[in-house]
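In case you want the letters, here they are:
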Amino acid sequence: GAVVSQHPSWVICKSGTSVKIECRSLDFQATTMFWYRQFPKQSLMLMATSNEGSKATYEQGVEKDKFLINHASLTLSTLTVTSAHPEDSSFYICSAKQGKSNQPQHFGDGTRLSIL
Amino acid sequence: QQQVKQSPQSLIVQKGGISIINCAYENTAFDYFPWYQQFPGKGPALLIAIRPDVSEKKEGRFTISFNKSAKQFSLHIMDSQPGDSATYFCAVRGSTLGRLYFGRGTQLTVWP
């Protein structure tokens, strides 16, 4: 149980385009979803936290107009990278948890984003 | 400010040996201490976790040792196997909202 599916797993697009990444909890209701970014050989950096039906809370230094997060249902959150540029190329990972803060986070398999 | 410090950055162990990775934290408000295993191109997977009221937890070949007074916890991998070669991250969880703070990671290589 507790499966989180992320789609697509890999995307390549031209500079200036927008890219949407989906994160779905398949067998549980995700009250809270988290979006991380990971550069090669580095740790996971939290970008934002979203609660279903509420606006996302962004970490310091993360541009909310650049990285649009929508958590419209208890099983789906999306991250849209708007007007993507090569420096946005990274590995984006979502996680989801159910209920209270003491529930574990379940991670998706990540999306490799390459901007040409 | 880094909430959790992890060492070593890389570790090479012979098959059958013991791999030990250490983490240290400062904030006493953390309530959950997980270890994650990540293979290239994949998301992190929860390996084992401990709560602060327990000093040790063992699951198969994996053991967490937790020293609350020293604010340190470590992962021990017994009988290390080549399939254990991966990057390992310790994390600490804040009690509010349940957000995780990750260590910088340890790249483990187990030689056959």
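Just above, that's the structure.
These lines cover the structure that appears in this document, whether it is placed above or below.

Cut-off values and rules
Residue positions are given per chain, counting from 1 as you read along its sequence in written order. Key to labels: chains lettered from A, ligands numbered from 1, both in the order written. The predicted nature of this model means local features are confined to residues of pLDDT at least 70 and side-chain atom pairs, given and counted, to a pLDDT of 80 or more, with totals for whole chains, interfaces and linings taken over all residues. Note that water and hydrogens are dropped before the side-chain values are worked out from all heavy atoms of the structure. Numbered from the N terminus, helices here are DSSP runs of H or I no shorter than four residues, and strands are runs of E no shorter than two. Note on method: radius of gyration uses C-alpha positions; expected globular size equals 2.2 Å times residues raised to 0.38. In short, DSSP must find at least two bridges between two strands for them to pair. Lines fitted to the C-alpha atoms define the axes, with helices restricted to the stretch that makes contact. Angles between their N-to-C directions range from 0 to 180 degrees. Relative accessibility decides the category of a residue: with a 1.4 Å probe and only protein chains considered, values under 20% of the type maximum give buried, values over 50% give exposed, and everything between is partly exposed. Classification of ring pairs uses Phe, Tyr and Trp, with its six-membered ring standing for Trp, and accepts pairs whose centres are within 6.5 Å; under 30 degrees between planes counts as stacked, over 60 as edge-to-face, and the remaining range as tilted. Criterion for a disulfide: a pair of cysteine sulfur atoms within 2.5 Å. Any two residues whose heavy atoms approach within 4.5 Å at even a single point are treated as in contact. Here's the idea: put two parts together, see how much 1.4 Å probe accessible area each one loses, and the total over both is what we call buried area. The working definition used for a salt bridge is a side-chain nitrogen of Lys or Arg within 4 Å of a carboxyl oxygen of Asp or Glu. Polar contact is defined as a pair of N or O atoms within 3.5 Å, subject to the rule that within protein one atom must be able to donate a hydrogen and the other to accept it, and that residues adjacent in sequence are counted only when both atoms are side-chain atoms.

1. A word on the overall build of chain A
The helix and strand inventory of chain A stands at zero helices and eleven strands. Ordered by position in the sequence, the α and β elements of chain A form the string β-β-β-β-β-β-β-β-β-β-β. Whereas a compact globule of 116 residues would reach a radius of gyration of roughly 13 Å, chain A reaches 13 Å, a difference of no more than 12%. Seen through its C-alpha atoms, chain A measures out along the principal axes to roughly 40 × 25 × 25 Å.

2. Section: the sheet that holds strand β7 (residues 67–73) of chain A
Residue and element names in this part refer to chain A. One open sheet holds the four strands; their spatial order is β1-β3-β8-β7, and the pairing between them is antiparallel. A strand with exactly one partner marks an edge of an open sheet, and here the two such strands are β1 (4–7) and β7. Pairwise comparison of adjacent strand axes, ignoring direction, gives a mean angle of 15 degrees for this sheet. Direction of pairing for β7 relative to strand β8 (residues 76–81): antiparallel, over a ladder of five bridges.

3. Things to note about the pairing of strand β4 (residues 30–38) of chain B
Residues and elements named next belong to chain B. Here β4 lies mainly inside the structure; eight of its nine residues are buried. Here β4 pairs with strand β9 (residues 86–94) via six bridges, running antiparallel. Bridge pairing in β9 links Gln-37 to Tyr-88. Across five bridges, β4 lies against strand β5 (residues 45–50) in antiparallel orientation.

4. Comments concerning the packing of aromatic side chains
On inspection of all chains with the given rule, the structure shows 16 aromatic pairs over all chains. Aromatic side chains Phe-67 of chain A and Tyr-92 of chain A sit 6.3 Å apart centroid to centroid with 40 degrees between the ring planes, which places their arrangement in the tilted category. Of this pair, Phe-67 of chain A sits in strand β7 while Tyr-92 of chain A sits in strand β9 (residues 90–97), and the two are 25 residues apart along the sequence. For the pair shown, Phe-67 of chain A and Tyr-92 of chain A are each scored as buried. These aromatic residues form a ring-pair network of at least three members: Tyr-25, Phe-30, Phe-33, Trp-35, Phe-66, Phe-73 and Tyr-101 of chain B.

5. Thoughts on the state of the cysteines
Within the structure shown, the criterion is met by two disulfides over all chains. The residue that forms a disulfide with Cys-23 of chain A is Cys-94 of chain A, at a sulfur-sulfur distance of 2.0 Å. The sign of the 80 degrees torsion about the S-S bond sets the Cys-23 of chain A-Cys-94 of chain A disulfide as right-handed. With Cys-23 of chain A in strand β3 (residues 19–25) and Cys-94 of chain A in strand β9, this residue pair connects regions lying 71 residues apart in the sequence. Classification of Cys-94 of chain A as buried rests on a relative accessible area of 0%. Covalently, Cys-23 of chain B is tied to Cys-90 of chain B through a disulfide, its sulfur atoms 1.9 Å apart. Given an S-S torsion of about -95 degrees, the disulfide between Cys-23 of chain B and Cys-90 of chain B has left-handed geometry. Highlighted residues: Cys-23 of chain B in strand β3 (residues 19–25) and Cys-90 of chain B in strand β9, separated in sequence by 67 residues. Residue Cys-23 of chain B is classed as buried on the basis of its relative accessible area of 3%.

6. A few points about the interface of chain A and chain B
With 20 residues of chain A at the interface, the matching set in chain B holds 19 residues. Taken together, the two surfaces of chain A and chain B that pack against each other cover about 1,500 Å², and 50% of this comes from carbon and sulfur. Taken together, chain A and chain B are joined by two salt bridges. Here Glu-59 of chain A ties to Arg-99 of chain B by a salt bridge, and the two come within 2.7 Å at their closest N and O atoms. On inspection of chain A and its partner chain B, the count reaches six residue pairs in polar contact (both at pLDDT 80 or more). Breaking the side of chain A that touches chain B down by element, the ones donating at least two residues are β4 (32–38) and β9 of chain A.

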